[in-house]
Amino acid sequence: MTAAKAMAYEDPEYVAAQDAKTAAYAYRKMLQAVYDSADRKNTLLSRELTRRVGRGDRENRAGRMNA
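What this report covers is the structure whose coordinates are included nearby. From a predicted model like this one, the values you see are computed outputs, not experimental measurements.

**Structural notes on the overall build of the protein chain**
Tallying secondary structure elements over the protein chain gives 2 helices and 0 strands in all. The buried share among the 67 residues of the protein chain stands at 0%. For the protein chain, the computed accessible surface area is about 6,300 Å², with 60% contributed by carbon and sulfur atoms.

**Overview of a nonpolar patch on the surface**
On the surface, a nonpolar cluster with roughly 410 Å² of combined accessible area is contributed by Tyr27, Met30, Leu31 and Val34. Topologically, Met30 is positioned in helix 2 (residues 12–66).

**Quick word on the pattern of salt bridges**
In the structure shown here, the tally under the stated rule is 2 salt bridges. Linking Arg51 and Glu48 is a salt bridge whose minimum nitrogen-to-oxygen distance equals 2.5 Å. Within this pair, Arg51 and its partner Glu48 are both found in helix 2, separated by 3 residues, close to a single helical turn. The class for Arg51 is partly exposed, based on a relative accessible area of 43%. When its relative accessible area of 26% is taken as the criterion, Glu48 is described as partly exposed. Of the charged contacts, one joins Glu48 and Arg52 as a salt bridge, the two residues approaching to 2.7 Å between their closest N and O atoms. You can see Glu48 and its partner Arg52 sitting in helix 2, 4 residues apart, about one turn around the helix.

Analysis parameters
Numbering of residues starts from 1 in every chain and runs along the sequence as written. A pLDDT threshold of at least 70 governs which residues receive local features in this predicted model, and a stricter bar of 80 or more applies before side-chain atom pairs are shown or counted, although totals over entire chains, interfaces and linings include all residues. By convention in this description, side-chain values take in all heavy atoms of the structure and omit both hydrogens and water. Where helices and strands are cited, they refer to DSSP runs of H or I of at least four residues and of E of at least two residues respectively, numbered from the N terminus. Think of it in three bands: residues with accessible area under 20% of the maximum for their type are buried, residues over 50% are exposed, and the middle band is partly exposed, with areas taken using a 1.4 Å probe on protein chains only. Accessible surface is estimated by sampling points in the Shrake-Rupley manner with a 1.4 Å probe; for residues, cover comes only from the protein chains shown. In this analysis, a patch consists of residues with relative accessible area above 30% that form no salt bridge, clustered at 9 Å for like charges and at 5 Å for the nonpolar side chains Val, Leu, Ile, Met, Phe, Trp and Tyr. The working definition used for a salt bridge is a side-chain nitrogen of Lys or Arg within 4 Å of a carboxyl oxygen of Asp or Glu.

Laid out in structure tokens, this is it:
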């Protein structure tokens, strides 16, 4: 059995398939990192916009109370 595995690992088709698998995995990991980064930036931007848009009402109320 071990000799059969050793011969399979030396087969050019097997080696090419393993290389393709490794390349696909690396590409998926890279895309996942890019997606996660974009998702975090989207969340941050949404939170910041919500905070800034909502601030106008508080500033108007504070201005009326102080006047």
